[in-house]
Structure formats: structure tokens, C-alpha cells
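Listed here are the chains, written in short residue letters.
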Amino acid sequence: MDTLLQDLRFALRNLRRTPAFPLAAIATLALGVGATTAIFSTVNAALLRPLPYPNARDLYAVRTTLTDGRVTTGLLAPCEIVRLNDPNLSVARAAGLGPQDATFLSKDGTPRRTRVYAVTEGFFDLFGLPMTLGTAPALPVNANTPPQVVISQRVWRNEFAADPAIVGKPIRFAEVSTTIGGVAPADFDTPHNADFWFVIQPDPKGVNHSWEGYMRLKPGTTIERARSEMASVMSGLARDFPSSAKNRVYVVNPLVDSIVGDLGPILIVVLSATTLLLLLACVNVTNLLLARGAARAREMAVRVALGAGRGRIVRQLLTESVLLATAGATVGLFIAYIGVRLLLRLSAGTLPRLDAVPFDASVLLFALATLIVSGVFVGFAPALRLARTDVRALLNESGRSASGGRGTTRWLNAMTIAQIALAITLVAGAGWLIRGFEKLRATNPGFVADKRLVFDVALQGPKYRDNAAVTAGWIDLFDRIRPLHGVAAVGGISSFPLRGSQENSLFVQLRGETMDPANPMGSRQRFATPGLFGAMGIRMLAGRDFTLDDRPDTARVAVVNNTFVRRYLSGKEPLTVHFSSGYPTINPQSEVAIIGVVEDVRQKSLSDPPEPAFYTSTLQFAARRESVVVATTLVDTTPLQSAIRDEVRKLDPQMAVDFESAPQIIATTLRRKELGMTLMLLFGLASVALAAVGIYGVIAYGASQRTDEVATRLALGATQQNVFWLVLKQGRTLAAIGTAIGLAVAYVAGQIVSSRLYEVSASDPAILGAATLLVVSIALVATIIPAWRVSHIAPARVLRPE
């Protein structure tokens, strides 16, 4: 212990003697440790932190898909949920969840748009958390009794002032009045930001796929065994419901993966990049230590000559490096904390599992491990260099001989090559994410987003008792909105693109053709009002839009998208085609005539290709829920929003209106990609800065070791230009080798990363070329400065001591 304290005191004295060196080393390590810890804390919060449910590893999200490539919602049918609850299976409990249209009425009668979900029995038991108040509700006693609701903690606090006697009290929705059965657990957040849940009984023979599925495995059961059993369950369903379940399979993923979605891969890519950044920081500090070690050669030689063992010297150097790493990690933790707060301000806090990013024990252990690894790493090369050198070599390196510093110079050159290679890899990584994001943002969504307002309306309740009342309600609503100042067009659609709304998925059959059971044609169905395509700016490619003349008592019509035409109507004139639809069987009464073809719309996401889809008129099929789209000429839409709310209240005082702009909707879908791009861009710039500092240090050190040689050359008639190019050649050689290695590493890394990005190639010459040009340019600048300085030394001043 006394020896360790002595080493620490000696290290502190040495570092205080030359404060510029420790400050540079600490700042460099702090940047690397801070960035890595900040991203790890984010990964920890999103992916590693356990879900707040007992035995959360046994919880899985369940969906379905069709192996023959047909269009499907990916959701579960009631029969598929019911059969997973067979007690002979490894599944302890399976439950479903589906969104519902309901408008909550606060105590003063103000309508509020909330997130209401129907769940199957046992939904809350599946997750295993005790209710805050009350119990998990059971099914209603009879069909005429409205189900009790479970309210979220947020609603309990904000709307009911955390009333401890809330259970059993009435609660009103615009569509129904019922009572509160319980308050959800504080940590319960499935699905994200839900407000209300109520229990309904699924039909054991229901085949419509409209439920999100969840399941818990029995203790000790492997997911492989469960998947095998679930395949057998689906085989039985395919026998009983061939139209629905044939070629369908269950898709099971850990619940945390389902919650995080594509944010997980993005964070893993960014964490890999920050690890490279930390490595680059360590290489930079190692360079500083090597150069400093060469400058302290005489000191080390004297200590060895006085009897200090090599182990004692090595331990002293490692003590200094660990001390620097400790200071750097401490500052890095502060940088990490600030960085996480900035991430949350960059809207990361609105993403699942990132509403809070705690600095818990896992993060602190990671920071400690980073400290130890970086401390040993940065001290290893100088210590190894010393261990392989005898006292006479150290004494030679203390002088100004041209050959004395060759050993150290070789180490420094190797570290510089590594810096250049790592910088190119990081800059290329940033380039890939930027290119993928820009391509995604430039993707045509199929509609015009600029100056479009979107709000949801559901025509529910006794006022809209039948289809005629619903149709009249839509006509009345649009007649009220259309004359308002600033409204250019208005229309409604059953599911506005890019909002994750559920869509109908139906089989279609062309008139005069027979559906192939082995390969039926599938299509999305969307309901649209007259004027919708104009309001959204969806281009009409052929035919006409819906009109007010398309009523229930007229021939039924449809508008199809371009993908529908390409996939199913090859060689046919679309405007002459009639087709029927249905699920799980074709309904002959559903036949429609195609009256128009419109441009494809990216419905799921900007990165997913359009699917076949057809639009039917809301006035003919009386859809009760629509997303209303208002095209406006105004820049400031606040007065228009207020006017629309007033008109909606006149139509129905219990209708809630919450506006979104179409650009906001698109921006929300890009938020995760934008977060990853921003982080990679910052890390790429940081890597270039670190590489520039490191290259400058190496070239400057090398030039300082050659001052006698340079002075002699100048004295014997060499020009400043000769000397300048001589020193510059050293940097050029290092840059060439580092660039070759960096491009190879970047290409290999790109092969792994590009599969997770949108339309990005690992061999994209523009990205690799730009990364190379940037890093090489910075390396050139970092080389030119010391080359110019050494070429302008005064030979007489240098050679006078000789």
C-alpha cells in the first residue's frame, strides 16, 4: 500500500509539472468515455434494463404472418388467441389487445381523445403486476352490461386526483357510461401510453385478424419448445379454418424487442461506433504517452541506473495511465449525464423505454470497466516499449541523434495508422446513416404533406344509429368545414398513412376468374370520402374520384392503387374490371367496379414498399371512423383549428378534436433514424478531431527528433521547400497506409450495417470517397503545420550547442 501511495504521489507531481499533457489526455479520454457511457446508458434503458414485470423473460409478443407472401395485417384472430390457452401447451397464458374508438368525457363534460383498448380475459394476470386499486376486471355478467374499465395511473392522477376510493365510481365516455373496476399498476405501460382497458370475450371461431397478441411461458419452458407447439396449434387451425390459417404461422418475439422495435438495431450500431470512438481516444492518449515517455528517457535511464527494477518503472507508468483514465472517466461521466439529457431533448424521451434513462448500477459498472480497460490500454504500449529497451537505448533516445528515437517512432507511426483507419470507419458509418436517412426522407410518401392538418373523428353513439345517419354525418361535417377561411380541400380516410393504424386485409377475386386457394390475391381495403385524394394530394393516374353521387343505392365502385394494377391487372384495362372481396371467403355481394387508379401511398412506413390496396367510398359503406384531412392555404393554422373545433362541437358536443400536421406525422416516423444519424454524425466529427490531434502530435514529435538533421541539411544548402516535403512525406505515407486499412475495415463493417439501413450499400463510392477525402484532408492539414514549422528553423541556433 505504501508503494502504491508513493507511485500515486510521484505520478501527481509529474503530471503537475507539465499540466498541458494531462489536460489534453483527460479531455480526450473524457470524450471517449463520456460518449460511450451515454450511449450505453441509452442501450441499457431500452434493451438491457428488465421490464417491470415478474419473470419478464417469459413474456413474448405474438403476431402472425403468411408464408406465401400474401397481404396480412400481422395481427391475431380470436381463434388463434383462444387455442393458445390450451392447458396442455407450454403457454401459461395468452391474451389479446385491440384499439377501440371511445371519447372520454371529463367531469365537466369536456371530450378528450384518449387511448382505449379492449383486452381478453386474463390480460393483466399475464403480466403479473398487482393492481394499484381494485382487481383485474372479469367479463360482464351479461351482454347488456357494459364492461368495467381499468384506468391508467396517469388518468387516475390527472382526471381523478388520485382518489383512493375510485373503484366502483362511474366514468363516462361519449359512447357509453360504465364504472371503474381498478387502477392499473404504476409500472404498467402496455401498450405505450394507454389510458383505459376493458375486457371482452373473444369469439372462439373468430377469424378476423385484429388483435395484438401477448403470452407468458410456463416456468422452465424454452421458447423453442413453445414455438414447436404453436406450429402444431396453427396446423390444427389450418384444418378448421383453411381460408384464414392456411400457410399462416405464429411469429414470437421477446416483449422488450416488440416494444423497442427498430430502435434496438439503431442503438446497437451507434454503441459499436462509440466503442470505436473510445478506442480512438485511447490510441490518441497512447500516442501522447509514447511521445512523453521518449521525452522522459533520461529520467528513466537514471532511475534504472540507480537500481530501480523494470517492473517498478512499468508499474509507475501504468499508475500514471490509470490516474489519467480515472480523471478522464470522472469527467466522462459528467459528459455522459449531460449527453443523455441532450438525447432526451432531441425527442428521444418520446420513444418507448426512453422516457427515463437512469444512471443505475449497470451504467456505473460499465463506466468502471471502461476506466480499467482504457487505463491499461493507454499505459500498455509505453510500458511494453520500456520493457524491451535497455538503459543505453533510453539514454540514446534522450539525445538528439537521428536514430535514437526510431523505436518510439515506429510505435507512434503504428498508432497513427490505427487512428486514421478508425476515423475513416467512423466517418463512413456516419455517412451510411446520413445517406440512409436522406434517402428515406426523400422517399415520396405518395401524398402531399405540406399544409395538411389531420384529426380523427368517430361517429358513434345513438345519434348515429344506422348507416344512413353515419353517411349524413360525414356530409354534414365536410359541408361545415369546407367554407372555412383557409380551407382548400377536405376529405376523410379510414387510416391516415404512417400512423400505425390497422387496416382491413381482404381476399379479392376478379369477375370471371376463380380464386386460386393456394395463392389467393390479397389487398388492403381503405375507406375514403369524396375529395380525399385532392385533399391529400394523391395523384389520380386514371379514371375519376368518388363523388356525392356514389351512394348506397347506386352501383358500388372502387379506386385502386398502382401496385394493385401492376400485380393483379397485368394486360387488362383497369377501368373495365370488376372484382369482389371478403375474408375469409369472397362475398359475392361486395362486387365493385374500378372507376379510378391512384398513385401508391406508403402506408406502413417510408421504408416499406406499397401493398395492393383499393379504396371504397365512405358514403357507400358507412365507415364510422375517419381521419379527416384538411388542405389549407394558411401558414399559421391556429385560427383554422379553432374554427374547425367550433364546427365539430356544433355537430356533436361530445366529439374530441386533436390536430396533427402531416409533416409532424412524417417526422415522427423518422425520429428513430434521425436520432441515430445525429449521434453518428457527432461521433464521426469527434473522431476526425481526435485523429487530427493525434496525427499532429506524431508528426510534430517526429519533426522535433530530426531538428539536428534538418538544421544540417539547411546549413549545407537544402531549401525550405526540400525540408518541408521531406517531413510531409512521413505524414503522406502514414495517411496512405491508414486509409487502405480504414477502407477495408469500413467495407467489412458496412456489410454488417447496411442491411439495417434503407437503400445503403457498403461499397458506395460516394460515402467511402467522402470519408477518405475528409480524413486525409484533416491529416494533411495536421501534417503541414509541423512540416512548415520545422522547415523554418534557424540552423545556427540549433547547431550552436554542437
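Treat the numbers as computed from the prediction; the structure is a model and nothing was measured. All residue numbers refer to positions counted from 1 along the written sequence of the respective chain. Residues qualify for local features only when their pLDDT is at least 70, as the model is predicted, and side-chain atom pairs are given and counted only at 80 or more; totals for whole chains, interfaces and linings, by contrast, use all residues. Water and hydrogen atoms were dropped before computing side-chain values, which therefore reflect all heavy atoms in the structure.

J.: Mind showing me how you'd approach the nonpolar core here?
T.: Side chains of a nonpolar character, in soluble globular proteins, are inclined to be buried together. Nonpolar cores were defined as sets of buried Ala, Val, Leu, Ile, Met, Phe, Trp, Tyr and Cys residues, with membership established by side-chain atoms within 4.5 Å. Burial classes follow relative accessibility: with a 1.4 Å probe on protein chains only, a residue under 20% of its type's maximum area counts as buried, one over 50% as exposed, and anything between as partly exposed. Judged by nonpolar contacts, the single largest core of 100 residues is most densely connected at Phe123, Phe127, Trp197, Phe447, Phe496 and Tyr615. Of the residues forming this core, the biggest block, 12 residues, is contributed by helix H14 (residues 406-442). Contacts between residues were defined by any pair of non-hydrogen atoms, one from each residue, lying within 4.5 Å. Those residues within four positions of Phe123 in sequence are excluded, and the remaining contacts are Ala95, Gly96, Leu97, Phe188, Thr190, Trp197 and Tyr214. Val207, Trp211, Phe564 and Ile594 belong to the second largest nonpolar core, which has 59 residues in total. We count a stretch as a helix when DSSP gives it H or I for four or more residues in a row; a strand needs E for two or more, and each element gets its number in order from the N terminus.

J.: Which parts of the structure should I look at to understand the pattern of salt bridges?
T.: When the charged atoms of two side chains lie near each other, side chains of opposite charge can form a pair. A carboxyl oxygen of Asp or Glu within 4 Å of a side-chain nitrogen of Lys or Arg is what we treat as a salt bridge. One pass over the full model with this rule turns up 25 salt bridges. Put simply, Glu513 and Lys572 hold a salt bridge, and the shortest N to O gap is 3.4 Å. Taken together, the residues span a long stretch of sequence, with Glu513 in the loop between strand S15 (504-510) and strand S16 (521-528) and Lys572 in the loop between helix H17 (562-568) and strand S19 (578-582) at a distance of 59 residues. With relative accessibility at 33%, the residue Glu513 sits in the partly exposed group. Here Glu599 ties to Arg539 by a salt bridge, and the two come within 3.7 Å at their closest N and O atoms. Highlighted residues: Glu599 in the loop between strand S20 (587-598) and strand S21 (613-617) and Arg539 in the loop between helix H16 (532-536) and strand S17 (540-543), separated in sequence by 60 residues. Bridged by salt links that share partners, the residues Asp456, Arg499, Arg625 and Glu660 form one connected network.

J.: Explanation requested: helix H6 (residues 223-240) in the structure shown.
T.: For an α-helix, 3.6 residues make a turn, and residues three or four places apart therefore share a direction. To estimate how far a helix should extend, the number of its residues minus one is multiplied by 1.5 Å. Given a rise of 1.5 Å per residue, 18 residues ought to cover 26 Å, and the 25 Å separating the end C-alpha atoms of H6 matches this to within 8%. Residues of H6 that are buried: Ile223, Ala226, Glu229, Met230, Val233, Met234, Gly236 and Leu237. Buried residues of H6 fall within an arc of 155 degrees about the axis and therefore sit on the same side. Every exposed residue of H6 that faces more than 90 degrees away from the buried side is listed here: Glu224, Arg225 and Arg239. Buried residues along H6 sit in contact with strand S1 (59-66), helix H3 (78-82), strand S11 (212-217), helix H7 (242-245) and strand S12 (248-254). Regarding the arc, it is the one traced by the directions from the helix axis to the C-beta atoms.

J.: I'm lost on the environment of Lys673 in this one. Help?
T.: Residue placement: Lys673 occurs in helix H21 (residues 671-705). Here Lys673 falls in the partly exposed class, since its relative accessible area comes to 23%. Residues Lys673 and Glu438, 235 residues apart in the sequence, show an inter-C-alpha distance of 9.9 Å.

J.: What should I look at first to understand the packing of helix H15 (residues 467-481) against helix H19 (residues 638-651) in this one?
T.: Each pair of packed helices gets described by two things: the angle between the helix axes and the distance between those axes. Every axis in this analysis is a line fitted to C-alpha atoms, fitted for helices over the stretch in contact. Angles between the N-to-C directions lie between 0 and 180 degrees. For the pair H15 and H19, the least separation of the axes is 10 Å and the interaxial angle reads 150 degrees. Along this stretch, H15 crosses H19, giving a crossing that reads as right-handed. When H15 is examined against H19, the residues Gly473, Asp476, Leu477, Arg480 and Ile481 are found in contact with a partner set consisting of Ile644, Glu647, Val648, Lys650 and Leu651. Ten residue types, Ala, Val, Leu, Ile, Met, Phe, Trp, Tyr, Cys and Pro, are classed as nonpolar, four, Asp, Glu, Lys and Arg, as charged, and the remainder, Gly among them, as polar. Grouping the constituent residues of the contact of H15 with H19 by class yields 5 nonpolar, 1 polar and 4 charged. For any helix crossing, the convention is left-handed if the near helix is rotated counterclockwise from the far helix by under a right angle, and right-handed if that rotation is clockwise.

J.: Hey, could you run me through a nonpolar patch on the surface in this one?
T.: Judged by side-chain polarity, Val331, Phe334, Ile335, Tyr337, Ile338 and Leu342 come together as a nonpolar surface patch covering roughly 540 Å² of accessible area. Tracing the chain through its elements places Phe334 in helix H11 (residues 310-345). Residues form patches when they are more than 30% accessible in relative terms and have no salt bridge. Like charges link within 9 Å. Nonpolar side chains (Val, Leu, Ile, Met, Phe, Trp, Tyr) link within 5 Å. Reported accessibility uses the Shrake-Rupley method at a 1.4 Å probe radius. Residues are deemed covered only where the shown protein chains occlude them.

J.: Quick question: what am I supposed to make of the packing of helix H22 (residues 707-715) against helix H23 (residues 720-753) here?
T.: Here H22 crosses H23 at 150 degrees, and the two axes come no closer than 10 Å. As the angle between them shows, H22 and H23 are arranged roughly antiparallel. You can see that H22 and H23 cross each other, and the crossing is right-handed. Here Glu709, Val710, Arg713 and Leu714 of H22 come into contact with H23, specifically with Gln720, Val723 and Leu726. Grouping the amino acids of the contact of H22 with H23 by side-chain chemistry returns 4 nonpolar, 1 polar and 2 charged. Roughly parallel refers to an angle under 35 degrees, roughly antiparallel to one over 145, roughly perpendicular to one between 65 and 115, and oblique to any angle outside these ranges.

J.: What is the right way to look at the side chain of Glu229 in this model?
T.: For Glu229, the location among the structural elements is in helix H6. Once you skip the residues sitting within four places of it in the chain, Glu229 turns out to touch Leu89 and Ser90.

J.: For this particular structure, what's the right way to read H15?
T.: An ideal rise of 1.5 Å per residue puts 21 Å on 15 residues; H15 measures up with 21 Å between its terminal C-alpha atoms. Listing the buried residues of H15 in full gives Ala469, Val470, Thr471, Gly473, Trp474, Ile475, Leu477, Phe478 and Ile481. Where H15 is buried, its residues meet strand S13 (452-458), strand S14 (487-493), helix H18 (618-621), strand S22 (625-632) and H19.

J.: Can you walk me through the packing of aromatic side chains in this structure?
T.: How two aromatic rings sit relative to each other is given by the distance of their centres and the angle of their planes. Pairing of aromatic side chains here covers Phe, Tyr and the six-membered ring of Trp, requires ring centres within 6.5 Å, and sorts the geometry by plane angle: under 30 degrees stacked, over 60 edge-to-face, intermediate tilted. With the rule as written, the count across this model stands at 27 aromatic pairs. With centroids separated by 4.0 Å and ring planes inclined at 5 degrees, the aromatic side chains of Phe40 and Phe366 adopt a geometry described as stacked. Placement of the pair is Phe40 in helix H2 (residues 20-48) and Phe366 in helix H12 (residues 361-387), with a sequence separation of 326 residues. Judged by its relative accessible area of 12%, Phe40 falls in the buried class. Aromatic side chains Phe533 and Tyr615 sit 5.1 Å apart centroid to centroid with 85 degrees between the ring planes, which places their arrangement in the edge-to-face category. Note that Phe533 is positioned in helix H16 and Tyr615 in strand S21, a separation of 82 residues in sequence. Counting every residue linked through ring pairs, the aromatic cluster contains Tyr53, Phe123, Phe124, Phe127, Phe188, Trp197 and Tyr214.

J.: Looking at this structure, how should I read the pairing of S16?
T.: In regular strands, side chains alternate between the two faces of the sheet. In terms of burial, S16 is a largely internal element, 8 of the 8 residues being buried. Taking every second residue as pointing to the same face, both faces of S16 are buried, with Met521, Ser523, Gln525 and Phe527 on one and Gly522, Arg524, Arg526 and Ala528 on the other. Pairing of S15 with S16 involves 5 bridges; the strand directions are antiparallel. Looking at S16, one finds that Phe507 is bridged to Gly522. When DSSP finds at least two bridges between two strands, those strands are taken to pair.

J.: Whenever I open this one, the confidence of the model for the protein confuses me. Can you help?
T.: Caution applies to low-pLDDT parts of the model: their predicted coordinates are not meant to be read in detail. Every residue gets a pLDDT, meaning the predictor's confidence in that residue, from 0 to 100. Across the protein, the average pLDDT comes to 83, with 86% of residues at 70 or higher. Taken element by element, the protein is modelled with least confidence in helix H13 (residues 391-398), mean pLDDT 50, and with most confidence in strand S18 (residues 557-561), mean pLDDT 97. Residue range residues 397-404 is modelled with pLDDT below 50. Its contacts to residues more than four positions away, or to other chains, number 17 contacts.

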